[in-house]
Amino acid sequence: MSSYKLLTPGPLTTSRAVKEQMLVDRCTWDDDYKAITQKIRRQLLGLAHVPEHVYTTVLMQGSGTFVVEAVLNTCLGPTDKALIITNGAYGERLAQIAAYNQKNFCTYALPYNAVPEGDVVEDILKGDQAITHVVMVHCETTTGMLNPVEMVANIAKRHGKIVIIDAMSSFGGIPMHVEDLQLDFVISSANKCIQGVPGFGFVVAKKEQLLACEGNATSLSLDLVAQWKEMDKDGKWRYTSPTHVVAAFSKALDELEEEGGVQARYTRYRTNNATLRKEMEKLGFHSYIAEVVQSPIITTFLFPSSTFSFKSFYEFIKARGYVIYPGKLTNVDTFRIGNIGDIHEEDMIELVQIIADYQGGKIDA
Ligand SMILES: *Cc1c(COP(=O)(O)O)cnc(C)c1O
């Protein structure tokens, strides 16, 4: 099997030390293992900049979507109504989850290259008093757009709404002061910016709001309050926990700290992203969204010409040690390059060189 680095937004390239944690089998009810879970929960509160008496964390088995579903299923009661802001596939998935779970919701749906506007959010909230929750994606991984969490949270809070943020592809890689922003629920997963492997997700939640949701859940395994109650006793998970993944994640959190915390990781990701976009532009690859709204996580590039073959481009790059990501837009031909994970500026430079070589050998360019 050939090995390559992942330039995708998760699963992503992890360090050897993170992978090595998975060579050990651990017992779910053993004190050592439960201590790992509790340590992770404390560290996550630290990353979110929240005090332990106001906020708490819940870890939940499954991929990121399972955790988003657990939050929406548990948070939205029969008399609640969510405003879901969408400008990409992950925002639309929030609405899809709400629909599957038969929750009351409305959407503020934007094109994939547009940013939510404060005036519109304000008008929607003023015009529909039934809305109790505002839900949005932070970094919309479909395009790489960074949504204005601060602006939306400020407006929502002025109107007394509960705020739920899908920060899946940004938490741990972009500084976020959850308490200052007064966010109620922030969702992320093990295999994104914290650089663990896939298998569970987590929620940083305002304790008071989480407890107020008791009894809402219509799914046993996705009941976030029940999950929290069990876990909060001593770190024992409700139902089988992904022990290998949890141990790897714990190592990944320690490595994040060693790197210098979220700020240092953010700086590395930003450098990766800036180098990538600058060099790609020189080769004639333009980014789909405006630079001001571009996140330092992943970039969507337009096909450089109508004869461009993503498949041959992908295979050429893969054979040289990197895997990139197809586009997720329906109306424009694009591909994506992620720059998170154990990826450094040298990788970006090497990748761009590979792409230049590809262009040199083809008439594509
Ligand atoms: C990755 C991601 C998810 C979750 O995806 P899974 O494939 O279920 O892990 C949700 N929202 C955003 C913004 C993401 O980037």
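Residues numbered from 1 in each chain as written. Predicted model: local features only at pLDDT ≥ 70, side-chain atom pairs only at ≥ 80, totals over all residues. Heavy atoms only, no water.

As recorded in an unreviewed UniProt entry, the protein chain goes by 2-aminoethylphosphonate--pyruvate transaminase and comes from Priestia iocasae. In its Subunit (unreviewed entry) section, UniProt records this for the protein chain: "Homodimer." Entered under Sequence similarities (unreviewed entry) in the UniProt record, the comment concerning the protein chain runs "Belongs to the class-V pyridoxal-phosphate-dependent aminotransferase family. PhnW subfamily." (UniProt positions renumbered as here; feature names shortened; annotations may be inferred.)

As recorded in UniProt, the sites labelled "modified residue: N6-(pyridoxal phosphate)lysine" (unreviewed entry) are K192. With respect to the helices and strands, K192 occurs in the loop between β9 (185–189) and β10 (200–206). Filtering out sequence-adjacent residues up to four positions away, K192 remains in contact with P9, L12, M168, S169 and I340. (Helix = DSSP H or I, 4+ residues; strand = E, 2+ residues; numbered from the N terminus. Contact = heavy atoms within 4.5 Å.)

This part is about the sheet that holds strand β5 (residues 133–137). One open sheet accounts for seven strands, arranged β2-β10-β9-β8-β5-β3-β4; its pairing is mixed. The outermost strands of the open sheet, each flanked by one partner alone, are β2 (55–61) and β4 (105–109). Within this sheet the neighbouring strands show an average axis-to-axis angle of 20°, counted without direction. Bridging between strand β3 (residues 82–86) and β4 involves five bridges; their strand directions are parallel. Counted as the bridge partner of I84 is T107 from β4. (Pairing = 2+ DSSP bridges. Axes fitted to C-alpha atoms, helices over the stretch in contact; angles between N-to-C directions.)

A separate point is the packing of helix α5 (residues 118–127) against helix α6 (residues 149–158). Close contact between α5 and α6 brings their axes to 10 Å; oriented N to C, the two are set at 25°. Between α5 and α6, the angle falls in the class roughly parallel. By crossing handedness, the relation of α5 to α6 is classed as right-handed. Residues G118, V121, E122 and L125 of α5 pack against M151, I155, A156 and R158 of α6. A per-class count over the contact of α5 with α6 returns five nonpolar, one polar and two charged. (Parallel < 35°, antiparallel > 145°, perpendicular 65-115°, else oblique. Left-handed = near helix turned anticlockwise from the far one by under 90°. Nonpolar A, V, L, I, M, F, W, Y, C, P; charged D, E, K, R; others polar.)

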